[in-house]
Structures are given as C-alpha cells and as structure tokens.
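Structural features, examined
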Amino acid sequence: MNLGLYGHEDAWIAVDCGMMLRQDLPDTPLQVPSVETLETLDITPSALFITHGHEDHIGAAAWLWPQWGCPIHATPLAAGLLRTKFVDRGLSTDAIRVIEPGEALECGAFTIRFLPLTHSIPESCALLIAVGDYRVLHTGDWKLDPEPLIGPPIHGDRLRALAPLDLVVGDSTNAPLPGHSRSEGEVARALERTLTDCTGRVVVSCFASNLARLLAVAQAAERCGRRVSLMGRAMERMVGVARGLGYFDDMPPLVPVQDLGYLPPEEVLVIATGSQGEPRAALNRLASGRHASFELLPSDTVIFSAKAIPGNEPLIERLKHRLRQLGVTIWDEFNHPELHASGHPAQDELRTLYGWVRPRHLLPVHGEARHQRAHRELAESLGIQAPLSPVNGDLIRLDADGLSRVSRHPQRPCIVSQDGVAPLPGLAAEHGSSRHGILYLAIPVAATGSGWTRLGRLMLDAHHMRPLDEDAFSDWLDERLDSLTAETLAELRLQLQPVITAWLSERLRQLPDVHLQLMAVESPAFDASR
C-alpha cells in the first residue's frame, strides 16, 4: 500500500499511505495498510509525508490517521485531495499542512526536503531524508518528462547538487523496459490526430488523477470542434481541486452530461472514469446501458488512454466485451499505444538519475519481484550496491556495512468498506488471532478459456494452526481451478472460497479463518483465449 517508515534511534516518520481496490471481492472494498506490525514493534510515526496525490499513495490516510493523530505534510494538490477525503469522513483537516515543492522542514532528528519530479500528476516529489550521518532519496513515483504539459520539467542541476547519496529507495515499475518513457506532450499530439479520424461521439477513459492527460484531451477536443463533458465523481472532484489551484486555467468550458443530447454526435467528447473496469465507474455504466443521460451507439468510439494495472485485465476485458457488443470502436494500448504514456522511468531515465545523484546503495521498491530484480541488475552495472529485493513487512537497516535485512513481519490483508473507515467483519486483520488459527492464501491466476490456471508460486502463510500438507493442497487447487468457469476474479473467489473451506474441514480437526486473495497475472500463452 506504499506505506514506508524510516526510523533513527527512537524516532520514526511515515511516507505515503495508499490503498487499492479489491475487485476480486464482493462490493469492491478497499485494501489499506495493516498497522499490527507497527503496534507490535511499538512504532508510532511523528509525521506522515506524502510524495504525490495518487490514490495508491494517499487513499488510506483518512482511515489510518485517526490512529496516529500526527501532522501530514503534502504539496498543495495532494493536500487539497486529502482534505476532501477527511471532510467526507467527518475528520478535522487541521493536521494537513501544505509544503511547496522544493521546500524543506525538520521533524525531530529528520530533515526532509521535497524535490519536484515529473510524474502523471502535478507536484510529485521525491523526498531527500537527512538523519544522523545519512542522506536517503525516496523517489516516490517519477519519470523524466521533457514536456509534462502541467508543471516544469526536471532540473538536473538541482539533483546533481545532491551527489553523492548514501541510498536511493527507488521506483522499479518500468525497470525491465529499455529506452525512455513517452512524454505527455507526445500523447497530446497523438490524441489530436486520433480525434480527427473519429466521426461519432468519443468517450476517453483515463485516470482522473492524470491532470496533464485531462487537459490534453480537452484541448485536443476543442481544436477538433468538440465540446467536453466529464463523467464520474472522481473526475469531477479532481478537476474541481485542480481548478482551485489554478492548474486548469487553459481548460475549455465544460458541458453538463445531461446537455450532451442537444449536440450533434461529431461535437461531443466525454472524459470518463473506469479505464480499469471498475464496476462502479462511469464507463462500466455506459457499457451496461445504465447511464441516465448518455447511451453509446455503434458509430461512437471509446479510447482507453491508460494501461491496465496488473490484476485488472479480466475486468477490463469484460468491459471491452460489452462495448464490442454495442458495436462501438475501441482504441487502446494494444492497437494505439501512442495514446498513453507511463508515469514511471524506463532504463535510460534510471541511468540518468543515478548518474546525477551517484548513490552508494539502492533499495528497489514498487513493481513486482521481476521489476525489482531488473532494477538491481541495472544499478549493479553502474557500480551501485543493491543486495536486497524487499517484500512487504521487511525491516531493513542501513549502516556503515550497507543494507541488511533485520527481520520479516508478514503483513495480513486489511479490508475496509469504500463507504466507511471500519474494517469489514471476517475480512480485516483483527487484533489477536483466531482460536483455531488463520490461513492467508495469495494465488496468482490466469484465465485459460476453459477455466483458470495457477501461474507462479502459491503464497501461503499459516498462523497458530495445525500443519498443512502444502503439496497436496497445491495439487488439489490446480485441479479445481481448471474446472471453474468464472468470468472475473470476484466470481472466481466466490466459487473458490467455499470449496477451499470444505477441503480444509475434511483434513483439519479445527478449521482456521481463511483469508483468500486472487491476483490476475499476464500469460502470453492465454492471451488469445481471453
């Protein structure tokens, strides 16, 4: 959940506090950071620092902050988004404190400077953390965009002045990719070319937080003679906060969705939420014919200006299937990759940054194991020591001998309702343990066309329960997955949970609480059947 903690002697600070949608569970609840380990280790941060305003970095702050009550330091946009979340939850916003990109502050033994970097949301900042004899750069999410559309490009001189650093805690998301990530300026020009080829109405779906993309779409629409409308509460909220900070002074006037029916089709463009197949989002309502003011027709075009987040592929494919049934034209990352740009650095950008700041050590974060492994290999080719790939719950020490793993603390999933801040019964990480133990299962799966298959290692963590024959369970699980015909992760989980419980009840005298997490993974062998 992108919650990181830095400690020196008895002082601790926290960096970011994100969440993710659990689309494999009924009603699509949220997964937020568990704080059990912090309570066990008696860690209470004296402040929370936010690198940028994406949901996977701020989404759980309103859930976690009441347990800490500490100051929250964020740049103006992230602070504005946090305030709306706190107000929605009935929380005081007094703890949210604005800091401008480039400024520094002291927090006990720590000095933290916010260093602006380009990303797919304005005001994204790396944190230069100075404590004791060490200086650490926590990059957050970033890229080197020479044409970011909103905000200035990165100034290399400011980063060169930091060299040498003791440690970079760095973004690994695109570390396996050669070259340089695409600029937002390139995407803006590609979008304008695309719109000139569209004849009916156009719906563009992208992340609401990608303000540069929203502005690029709106300006391209205006130049092509189209009027712009927003669809989706997250989109409207993001634009409202951004406008209040002066980011959208150049955005064309918006048309209310309910007025679009009065315009000719070739003059309509809608920017909608739902690029990841979210069941509650605007695009899913359109694909299902459930929007009160707008109905898609075969002459219309839907543009996905966003890549699929790993794990969301089945939901996105199901959404596209509904759109194809309506006869609309679909443009996405596969047939028109120029319509999206990643917000994360490829290998050339990593080399450039590390050439500027000259770190002695790298701790790769974000992404999956293969991304972190590629990041380590790149760093080591540059003479940077990168001995570790951390996993959630690792406690890692930086000292005169370099990086070392002190201990591991497995993290239980903590699930909360989208409409509240209380953990959901039976799904959240409760204090203490079940009388008969707890079994955590994380299963990477892929659809095969006739069923599902497990790809990669079954992740199994048993607490206070009788020993389990993992080989027998894995063999049985593979047979069961192949026979299940669920179309989505949510449906698969509903089918799988009771049969797993039944299998365990036949083999264990005392049945543990079972926490099941399914993760969709890409498999080229199955792409055609999906």
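In this report, the structure presented in the accompanying data block is examined. (Residues numbered from 1 in each chain as written. Predicted model: local features only at pLDDT ≥ 70, side-chain atom pairs only at ≥ 80, totals over all residues. Heavy atoms only, no water.)

1. Details of the overall build of the chain
- Helix and strand content of the chain: 14 helices and 25 strands.
- Over its C-alpha trace the chain gives a radius of gyration of 24 Å, about what one expects of a compact globule, namely 24 Å for 530 residues.
- With respect to the three principal axes, the spread of C-alpha positions in the chain is 65 × 60 × 50 Å.
- Relative to its 530 residues, the chain shows a buried fraction of 54%.
- For the chain, contacts bridging at least 24 residues in sequence account for 72% of all contacts bridging at least 6.
- Of the roughly 23100 Å² of accessible surface on the chain, 48% is carried by carbon and sulfur atoms.
- Counting 48 positive and 66 negative side-chain charges, the chain places the centres of these two groups 1 Å from one another. (Helix = DSSP H or I, 4+ residues; strand = E, 2+ residues; numbered from the N terminus. Rg over C-alpha atoms; globule rule 2.2 N^0.38 Å. Buried < 20%, exposed > 50% of the residue type's maximum accessible area, 1.4 Å probe, protein only. Contact = heavy atoms within 4.5 Å. Areas by Shrake-Rupley, 256 points an atom, 1.4 Å probe, with all protein chains shown as cover. Lys, Arg positive; Asp, Glu negative; His and termini not counted. Charge placed at Lys NZ, Arg CZ, Asp CG, Glu CD.)

2. As for the packing of helix α3 (residues 61–68) against helix α4 (residues 76–88)
- With their axes 9 Å apart at the nearest point, α3 and α4 run at an angle of 75° to one another. As the angle between them shows, α3 and α4 are arranged roughly perpendicular. Residues Ala 61, Ala 62 and Trp 65 of α3 touch α4, and the partners they reach there are Leu 82, Lys 85 and Phe 86.
- Here the residues of the contact of α3 with α4 are counted per class, giving five nonpolar, no polar and one charged. (Axes fitted to C-alpha atoms, helices over the stretch in contact; angles between N-to-C directions. Parallel < 35°, antiparallel > 145°, perpendicular 65-115°, else oblique. Nonpolar A, V, L, I, M, F, W, Y, C, P; charged D, E, K, R; others polar.)

3. Considerations on the nonpolar core
- Leu 82, Phe 248, Leu 269 and Ile 271 are the most contacted members of the largest nonpolar core, which has 68 residues in total.
- Tallying contributions element by element places helix α7 (residues 211–223) first for this core, with nine residues.
- Setting aside chain neighbours within four positions, we find Leu 82 in contact with Ile 50, Ile 58, Ala 61, Ile 72, Ala 74 and Ile 96.
- By size, the runner-up hydrophobic cluster in this structure holds 25 residues, among which are Val 445, Trp 452, Ala 486 and Ile 500. (Core = buried A, V, L, I, M, F, W, Y, C linked by side-chain atoms within 4.5 Å.)

4. Quick look at helix α8 (residues 233–244)
- Compared with an ideal rise of 1.5 Å per residue, which puts 12 residues at 16 Å, α8 spans 17 Å between its outermost C-alpha atoms and is within 8% of the ideal.
- Every buried residue belonging to α8 is among Met 235, Met 238, Val 239, Val 241 and Ala 242, and all of these are buried. Buried residues of α8, seen end-on, are gathered within an arc of 165° and therefore sit on one face of the element. Exposed and oriented more than 90 degrees from the buried face of α8 are Arg 233 and Gly 244. (Expected span 1.5 Å × (residues − 1). Arc of directions from axis to C-beta.)

5. Thoughts on the side chain of Thr 118
- Take Thr 118: it is sitting in the loop between β9 (110–116) and β10 (125–131).
- You can call Thr 118 buried: its relative accessible area is 6%.
- There is a polar contact of 2.5 Å between the side chain of Thr 118 and the backbone oxygen of Lys 143.
- One polar contact links the side chain of Thr 118 to the main-chain amide nitrogen of Asp 145, over a distance of 3.2 Å.
- Residues within four places of Thr 118 in sequence aside, it is in contact with Trp 142, Lys 143, Leu 144, Asp 145, Pro 148, Pro 152, Pro 153 and Ile 154. (Polar contact = N/O pair within 3.5 Å; in protein donor to acceptor, adjacent residues only side chain to side chain.)

6. Structural notes on empty space enclosed by the protein
- Going through the model one piece at a time under the given rule, you end up with two cavities of 30 Å³ or more.
- In this structure, the second largest cavity spans a volume of roughly 40 Å³.
- A per-class count over the lining of the second largest cavity returns five nonpolar, two polar and two charged. (1 Å grid on protein atoms, 1.4 Å probe; cavity = no way out; pocket = protein on both sides within 12 Å on 5 of 7 lines; lining within 4 Å. Points joined across faces, edges and corners; volume = space filled by probe spheres on them.)

7. Some words on unusual backbone geometry
- Between Ala 163 and Pro 164 the backbone carries a cis peptide bond, its omega angle lying at -10°.
- Its place among the elements puts Pro 164 in the loop between α5 (156–160) and β12 (165–171).
- Even without being glycine, Asn 2 reaches a positive phi, approximately 60°.
- Structurally, the position occupied by Asn 2 is in the segment before β1 (4–8).
- The exposure class of Asn 2 is partly exposed, given its relative accessible area of 24%.
- Positive phi, close to 65°, is recorded for Asp 16, a residue that is not glycine.
- Mapping Asp 16 onto the fold places it in the loop between β2 (11–15) and β3 (20–21).

8. Quick word on the side chain of Asp 171
- Tracing the chain through its elements places Asp 171 in strand β12.
- The residues contacting Asp 171, other than those within four sequence positions of it, are Thr 139, Gly 140, Asp 141, Trp 142, His 344, Pro 345, Leu 350, Val 365, His 366 and His 375.

9. Focus: the packing of aromatic side chains
- As enumerated under the stated definition, the model contains five aromatic pairs in all.
- Note on Phe 49 and Phe 114: the rings are 6.4 Å apart at their centroids and 50° apart in plane angle, and the pair reads as tilted. Residue Phe 49 is found in strand β5 (residues 48–49), and its partner Phe 114 is found in strand β9; the two are separated by 65 residues along the sequence.
- Of the residues examined, Phe 114 reaches a relative accessible area of 0% and is grouped as buried.
- An aromatic cluster is defined as three or more aromatic residues linked by ring pairs; in this entry it consists of Phe 473, Trp 476 and Trp 503.
- Over the face of the ring belonging to Phe 294 we find Arg 201, whose NZ or CZ atom lies 4.3 Å from the ring centre.
- When the ring centre of Phe 304 is taken as reference, the NZ or CZ atom of Lys 320 above it lies at 5.0 Å. (Phe/Tyr/Trp six-rings, centres within 6.5 Å; stacked < 30°, edge-to-face > 60°. Lys NZ or Arg CZ within 6 Å of the ring centre and 35° of its normal.)

10. Concerning the sheet that holds β1
- If you walk across this open sheet you meet the five strands as β1-β2-β5-β6-β7, and the pairing is mixed. Edge positions in the open sheet fall to β1 and β7 (96–98), since each of these has one partner strand only.
- Where β2 and β5 come together, two bridges link them in parallel fashion. For Ala 14, the partnering residue across the bridge sits in β5 and is Leu 48. (Pairing = 2+ DSSP bridges.)

11. Regarding the sheet that holds strand β17 (residues 329–331)
- As summarised here, the arrangement of the five strands in space is β14-β15-β13-β16-β17, forming an open sheet in which the pairing is parallel. Each of the sheet's edge strands pairs with one partner strand only, and the pair in question is β14 (227–231) and β17. The average angle at which neighbouring strand axes cross in this sheet is 20°, direction not considered.
- Sheet strands in contact with helix α10 (residues 313–325) are β16 (301–304) and β17, and its direction is about 165° off that of β16.

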